[in-house]
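Residue-level structure breakdown
Spelled out, the chains give:
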Amino acid sequence: MTRDDQTDRSRTLTMAHADVFTAVVLFVLALAMLWGGYTMDRLEIRRIHPASIPGLVPMALGVALAICSVILFVGAAKAGGLTRAGLSLRAPETRAATGRLALCLALTLVYPLVLVGSMPFWLATAIFVTVFIAAFEWHHRSPARHLIALATALLQGALVGLVTAYVFQEFFLVRLP
Amino acid sequence: MQGLQYLFEGLIGLITLTSLFNVAWATVLGIIVGMLPGLTATMGVALLTTLTYKLPPEQAILILLCMYVGAIYGGSRSAILLNIPGTPANAATSLDGYPLARQGRAGYAMAIATTSSAIGTFIGIVCLAVIAPLLANVALDFGSYEFFWLALFGIVISGQLTAQGEPIKGIIAGILGLMVAMVGMEGIHAHVRFTFGISELNGGIGLIPAMVGAFGFAEILTVMFDKKAELVSNKVDRIFPRFIDIWRTKWTAVRSGVIGTFVGVIPGVGEDIGAWASYALAKRTSREKAQFGSGSIDGLTAAETGNSAVVPGALIPALTLAVPGSAPAAVLIAALFIHGVRPGPMIMIEQPTFVYEVVAMLLLATIAITIFGILMARPLLFVLRIPRERLMPIVFVLCVIGPYAITLRMFDVVVMLVFGIIGFLMRRMQYPMAPLVLGIILGDLLDKNLRRGLTLSDGDISPFITRPISVTFAILILLTILASIPIVRRSITRLVTGNRSDRAAAEPN
């Protein structure tokens, strides 16, 4: 077995592992939906037709999802999802991608949930855009060009912040947060 | 004849400076959105819906259609030059477009893509003008039973056809979409479901924030997660298409246009399947099969004609049944509601000219992609050099401000974020997004019509399986579901191959 074959096999197993995990989560969700639909108010006090109770479709969806999750589980288990294996997260490529994702996720969550609303919209946007560009470009540029990267990031951030705020406030008459 | 008159009036009504200006910028923006890996047609239409909701309905819809047509076409550029489809619809394009670019014929490939897209959209437009009024007429006979099955059929078939690996994942995505649609006040007794005391959820989960999240934010996360793409060529050769090439591939183009349109009509299936179906058939029928995958003109023509024809095709059920044929068409339905247009079987009665106005708008968009696609081939190359680190924060700012601008609620931004993260995880796990979106759109239709149908029949399910259209839908759904179960699929394959080998063994030498 070549190294490539081994990597392919571990990748397949990683998806199968993920499918086993997802199937369990989906099964729990299906049971919750079924229970939610079953215990939902049947509006007897309003004398509605028993076939039109609000919980009918949620119950049906719960059953359908439960069946699908079982099928998914069986398929994933057959594909080796219950064995111990998987693509190593320590592989340099995977680690770099995960790092980029974590940084992107952190910045994109902080901007709307923390920055927007706690300061003027244009400023929050300018800070977000500047930091985003600077953070991702830092490693690609040589140390001598860090200052240029930061300056252009700052310029783009300020421009995006001011233009977005102006266009939405003045043209679309949106009361910005 | 009346249809032609409406079409003519629609075209005349659109030949104004404002309309032509809107066609120009929206189409170019669409091409740019399509070109940039990570920005999809759905995302472009969703973001533009939030930016155009204050415009007059006619202009807003014109802009959204130009964005849609432009983005599906624009994706061919990055497929040819980067080997990365700008939108999922252009995945088949890269199979032959990229090898042509590597042979130094990038301009030629772009020219073929441009004419193919224009021909595909045009064939789809003709079908839209002919089929939509007929379908609307048939749909007038649909009752609750038929609408229930139609909604279920859409989700099941979309799940089956759009799943990348296992069909069951497509069906799961559809069920999850339906579950999302169960949140909020239901349409029969006004009972509030699954809101957990959060008053913002009483009206349900907004389609636009969900779509911006699933197709915008999720794409940003995907683009930043994946490796950077490299531009294959900075130089382009001849960019004007030659008549002889168009003539040589005429049958491939016509066949792919028709296939693409009919794939578009199937609920929630979308442009990528249109392209793949056309490509597969072109490969099977071509005399130069060996060239497919290494720079076949037939292959490139089939892929681009097929995906572009899906655009008008997807609008046929969207306008006449309010059931989208693709993910961008789903956003268009939401946009139509925002602008006071009610798609569905009554459209030919309530607004008989509207379908023809859409046809006229699509015609203008087709002309625009042809002109700008050829004239701006070289300047548009610069777009592909924009670093993702510079582009993605701007896109994210629009993802935040867009959903907020419609309702002025930060809650919709949170919905966008949640759907973005879910969308990213689903993509990594190979769950298709189209059935999820279709589930959100069709959830209400399915729920209301099932319960209304059961009330009308006093709890008797027989009308669901005895009326001709209903039983047809029911059988199709059953077969589709059975085909998605691995053990059944394997048994059928074994049965078919077994029969074949038996027959081969029985045949005399």
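Parameters and conventions
Residues numbered from 1 in each chain as written. Chains lettered and ligands numbered in written order. Predicted model: local features only at pLDDT ≥ 70, side-chain atom pairs only at ≥ 80, totals over all residues. Heavy atoms only, no water. Helix = DSSP H or I, 4+ residues; strand = E, 2+ residues; numbered from the N terminus. Buried < 20%, exposed > 50% of the residue type's maximum accessible area, 1.4 Å probe, protein only. Contact = heavy atoms within 4.5 Å. Areas by Shrake-Rupley, 256 points an atom, 1.4 Å probe, with all protein chains shown as cover. Axes fitted to C-alpha atoms, helices over the stretch in contact; angles between N-to-C directions. Left-handed = near helix turned anticlockwise from the far one by under 90°. Nonpolar A, V, L, I, M, F, W, Y, C, P; charged D, E, K, R; others polar. Buried area = accessible area lost by both parts, 1.4 Å probe. Salt bridge = Lys/Arg side-chain N within 4 Å of Asp/Glu carboxyl O. Polar contact = N/O pair within 3.5 Å; in protein donor to acceptor, adjacent residues only side chain to side chain. Expected span 1.5 Å × (residues − 1). Core = buried A, V, L, I, M, F, W, Y, C linked by side-chain atoms within 4.5 Å. Domains from an automatic or database assignment. Parallel < 35°, antiparallel > 145°, perpendicular 65-115°, else oblique. Phe/Tyr/Trp six-rings, centres within 6.5 Å; stacked < 30°, edge-to-face > 60°. pLDDT = per-residue confidence, 0-100. Patch = residues over 30% accessible without salt bridge, like charges linked within 9 Å, V, L, I, M, F, W, Y side chains within 5 Å. Lys, Arg positive; Asp, Glu negative; His and termini not counted. Charge placed at Lys NZ, Arg CZ, Asp CG, Glu CD.

**Focus on the overall build of chain B**
Of regular secondary structure, chain B possesses 22 helices and two strands. By the burial criterion, 61% of the 509 residues in chain B qualify as buried. For chain B, the proportion of contacts with a sequence separation of at least 24, taken over those separated by at least 6, is 79%. Of the accessible surface of chain B, which amounts to about 19,200 Å², a share of 67% is contributed by carbon and sulfur atoms.

**As for the overall build of chain A**
When helices and strands are counted, chain A shows five helices and zero strands. Counting from the amino terminus, helix and strand elements in chain A follow one another as α-α-α-α-α. Here the contacts in chain A between residues at least 6 apart in sequence split such that 66% fall between residues at least 24 apart.

**Notes on the packing of helix H11 (residues 250-265) of chain B against helix H13 (residues 297-321) of chain B**
Residue and element names in this part refer to chain B. With their axes 6 Å apart at the nearest point, H11 and H13 run at an angle of 35° to one another. Remark: the crossing between H11 and H13 carries right-handed chirality. From H11, Thr252, Ala253, Ser256, Gly257, Gly260, Thr261, Gly264 and Val265 reach across to H13, where they touch Asp298, Thr301, Ala302, Thr305, Gly306, Ala309, Val310, Gly313, Ala314, Ile316 and Pro317. Per-class residue counts for the contact of H11 with H13 are eight nonpolar, 10 polar and one charged.

**So, the interface of chain A and chain B**
At the interface, 66 residues of chain A touch 61 residues of chain B. Buried surface at the junction of chain A and chain B, both sides included, amounts to about 5,300 Å², of which 77% is carbon and sulfur. At the surface where chain A touches chain B, the tally comes to two salt bridges. Note that Asp19(A) is salt-bridged to Lys169(B), the shortest N-O span being 2.9 Å. Remark: the boundary between chain A and chain B carries 13 residue pairs in polar contact (both at pLDDT 80 or more). Elements with a minimum of two residues in the side of chain A that touches chain B: helix H1 (3-38), helix H2 (56-81), helix H3 (92-115), helix H4 (121-137) and helix H5 (146-171) of chain A. Ranked by residue count, the leading element in the side of chain A that touches chain B is H3(A), at 12 residues. Looking at the side of chain A that touches chain B residue by residue, the class counts come to 44 nonpolar, 13 polar and nine charged.

**With respect to helix H8 (residues 167-181) of chain B**
Its 15 residues give H8(B) an end-to-end C-alpha distance of 22 Å, which sits within 8% of 21 Å, the value for a rise of 1.5 Å per residue. Here H8(B) lies mainly inside the structure; 14 of its 15 residues are buried.

**With respect to the nonpolar core**
In globular proteins that are soluble, nonpolar side chains generally tend to be buried together. Counting residues in hydrophobic clusters, the biggest one holds 192 residues, and the most contacted among them are Tyr111(A), Leu128(B), Ile172(B), Leu362(B), Phe396(B), Cys399(B) and Met416(B). No fewer than three residues from each of domain 1 (3-81) and domain 2 (92-171) of chain A sit in this core. Ignoring anything within four residues of it in the chain, the contact list for Leu128(B) reads Pro133(B), Pro312(B), Leu315(B), Ile316(B), Leu319(B), Val355(B), Val358(B), Val359(B) and Leu362(B). The next biggest cluster of nonpolar side chains, apart from the first, holds seven residues, and it includes Ala92(B), Tyr279(B), Ala282(B) and Ala303(B).

**Comments concerning unusual backbone geometry**
All names here are of chain A. With phi around 55°, Arg47 is a residue other than glycine that occupies positive phi space. Position of Arg47 relative to the elements: it lies in the loop between H1 and H2. Accessibility expressed as a relative area gives 78% for Arg47, which makes it exposed.

**Observations concerning the packing of helix H4 (residues 57-81) of chain B against helix H14 (residues 327-338) of chain B**
Packed helices, taken two at a time, are described by the angle between their axes plus the distance between the axes. All names here are of chain B. One way to put it is that H4 packs onto H14 with a least axis distance of 11 Å and a crossing angle of 175°. The orientation of H4 relative to H14 falls into the category roughly antiparallel. Residue-level contacts link Ile61, Leu64, Leu65 and Tyr68 of H4 to Pro328, Ala329, Leu332, Ala335 and Leu336 of H14. Grouping the amino acids of the contact of H4 with H14 by side-chain chemistry returns nine nonpolar, no polar and no charged.

**Let's talk about the side chain of Arg390(B)**
Structurally, the position occupied by Arg390(B) is in helix H17 (residues 388-407). Look at Arg390(B) and you get buried, because its relative accessible area is 12%. Sequence-distant contacts of Arg390(B), that is, excluding residues within four places in its chain, are made with Ile133(A), Glu137(A), Arg141(A), Ala149(A), Thr152(A), Ala153(A) and Gln156(A).

**Overview of helix H16 (residues 354-375) of chain B**
Between its first and last C-alpha atoms H16(B) spans 31 Å; for 22 residues at 1.5 Å apiece the expected length is 32 Å, and the two agree. With 16 of 22 residues buried, H16(B) lies mostly within the body of the structure.

**Remarks on the packing of aromatic side chains**
Enumeration according to the criterion identifies 17 aromatic pairs over all chains in this entry. The interplanar angle of 35° and the centroid separation of 6.3 Å between the aromatic rings of Trp35(A) and Tyr38(A) together place this pair among those described as tilted. Placement of the pair is Trp35(A) and Tyr38(A) together in helix H1, with a separation of three residues, close to one helical turn. Among the residues examined, Trp35(A) registers a relative accessible area of 58% and is labelled exposed. Residue classification places Tyr38(A) among the partly exposed residues on the basis of a relative accessible area of 48%. With centroids separated by 5.5 Å and ring planes inclined at 85°, the aromatic side chains of Phe148(B) and Phe464(B) adopt a geometry described as edge-to-face. Residue Phe148(B) is found in helix H7 (residues 144-162), and its partner Phe464(B) is found in helix H20 (residues 462-466); the two are separated by 316 residues along the sequence.

**Here's the deal with the pattern of salt bridges**
Residues and elements named next belong to chain B. Across all of its chains, the model carries 14 salt bridges over all chains by this definition. Between Glu350 and Arg342 there is a salt bridge, and its shortest N-O distance comes to 2.7 Å. A relative accessible area of 47% means that Arg342 is categorised as partly exposed. Note that Asp412 is salt-bridged to Arg409, the shortest N-O span being 3.1 Å. Assessed through its relative accessible area of 29%, Arg409 is described here as partly exposed. Linked through salt bridges whose partners overlap, the residues forming this network are Glu186, Arg193, Asp447 and Arg451.

**Overview of the confidence of the model for chain B**
Averaged over every residue, the pLDDT of chain B is 88; residues scoring 70 or more account for 95%. Model confidence for chain B, summarised as mean pLDDT per element, is weakest for helix H22 (residues 486-506) of chain B at 68 and strongest for strand E2 (residues 192-193) of chain B at 95.

**Things to note about a positive patch on the surface**
Taken together, the side chains of Lys78(A), Arg489(B), Arg490(B) and Arg494(B) present a region of like positive charge at the surface. If one sorts the elements of the positive patch by residue count, H22(B) sits on top with three residues. Tracing the chain through its elements places Arg494(B) in helix H22. Looking at Arg494(B), the relative accessible area reads 57%, which means it is exposed.

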